[in-house]
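# Report on the structure
One letter stands for each residue in the lines below.
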Amino acid sequence: GTGRGFCSGLNLEDVGAPPGIEGMTLSRIAIHAMEYMSNLVPTMRAIPQPLIGAINGPAYGGGFCLSLGFDIRIAAESALFNAAGINNGLSAVELGSSYLLPRLIGASRSSEILLNGRVVDAQEADRLGLVSRTVPDDQLLEEALALAEQISAYSTHGVAMTKKVLWSSLECGSLEAAIDLENRNQLLVRMLTNNLDEAILARRENRKPVYKD
């Protein structure tokens, strides 16, 4: 996030109104407003490129839930995570957090954090597996960009398909279903691109591969 924090969530003093509500009844406006925000995470999932979250300072309320939608999260030492809804008399779960957080750190830890309304600092987030790693504040953007550059050097199609199956497997009901997805994914990239041959040749020639998928 730009400035001192990643995202502090909804502006409680002026919540504003979503676009496109002209002529709607109150009931329709209410669900439209909720869906307008909650569709952010599925939209992030649908983007083929991996999304790297550089989390600095507070990630509160909706900002905390939004951070769960990234494929990879790197935290600055100043990062603070809090599901602020419960502290404001609301539910602590929104934007898919009740689905994503238990899959990241487990059900018991998720319940404790969401129901307790306490702040999780960067060090604890790292220990729980909520983030990939914690770095000094002045190195956060550099680390995130370096990781993005490293991923960008791989096959565009291979990276996109890996992200797609990682998300799909979160929703699979069994190991076999996940393996079926992986099998089709790997065959699609292996049989319909020249990526593996190029990777082998580049290794022999001591150069970086150039993928044309």
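Refer to the preceding data block for the structure.
Residues numbered from 1 in each chain as written. Predicted model: local features only at pLDDT ≥ 70, side-chain atom pairs only at ≥ 80, totals over all residues. Heavy atoms only, no water.

## Considerations on helix α5 (residues 107–116)
Within α5 the residues assigned to the buried category are S110, I113 and L114. Each buried residue of α5 lies within a common arc of 90° when the element is viewed along its axis, so the set occupies one face. Facing away from the buried side of α5, by more than 90 degrees, are the exposed residues S108 and L115. Its buried side turned inward, α5 meets α3 (62–67), α4 (97–105), β5 (120–121) and α6 (122–128). G117 occupies a position one or two residues after α5 and carries a positive phi of about 70°. (Buried < 20%, exposed > 50% of the residue type's maximum accessible area, 1.4 Å probe, protein only. Helix = DSSP H or I, 4+ residues; strand = E, 2+ residues; numbered from the N terminus. Arc of directions from axis to C-beta. Contact = heavy atoms within 4.5 Å.)

## Notes on the sheet that holds strand β3 (residues 72–76)
If you walk across this open sheet you meet the 3 strands as β1-β3-β6, and the pairing is parallel. Both edges of this open sheet fall to β1 (52–55) and β6 (133–135), since each of them pairs with a single strand only. Taken pair by pair, the neighbouring strands of this sheet meet at an average axis angle of 25°, ignoring direction. By the bridge criterion, 3 bridges tie β3 to β6 in an arrangement that is parallel. Its bridge partner lying in β6, A75 is registered against T134. (Pairing = 2+ DSSP bridges. Axes fitted to C-alpha atoms, helices over the stretch in contact; angles between N-to-C directions.)

## Some thoughts on the layout of surface pockets
If you add up the space inside the largest pocket, you get close to 790 Å³. If you trace the largest pocket, you find 29 residues lining it, with L10, M34, M37, E94 and L95 closest to the centre. Of all the secondary structure elements, the ones that give two or more residues to the lining of the largest pocket are α1 (26–38) and α3. Of all the elements, α1 adds the most residues to the lining of the largest pocket, at 6 residues. Residue composition of the lining of the largest pocket, by class: 18 nonpolar, 10 polar and 1 charged. Of the volumes computed, that of the second largest pocket is approximately 380 Å³. Looking at the lining of the second largest pocket, the elements that each hand over two or more residues are β3, α4 and α8 (156–170). When residues of the lining of the second largest pocket are assigned to their parent elements, the largest contribution, 6 residues, is made by α8. When its residues are assigned to classes, the lining of the second largest pocket shows 11 nonpolar, 1 polar and 4 charged. (1 Å grid on protein atoms, 1.4 Å probe; cavity = no way out; pocket = protein on both sides within 12 Å on 5 of 7 lines; lining within 4 Å. Points joined across faces, edges and corners; volume = space filled by probe spheres on them. Nonpolar A, V, L, I, M, F, W, Y, C, P; charged D, E, K, R; others polar.)

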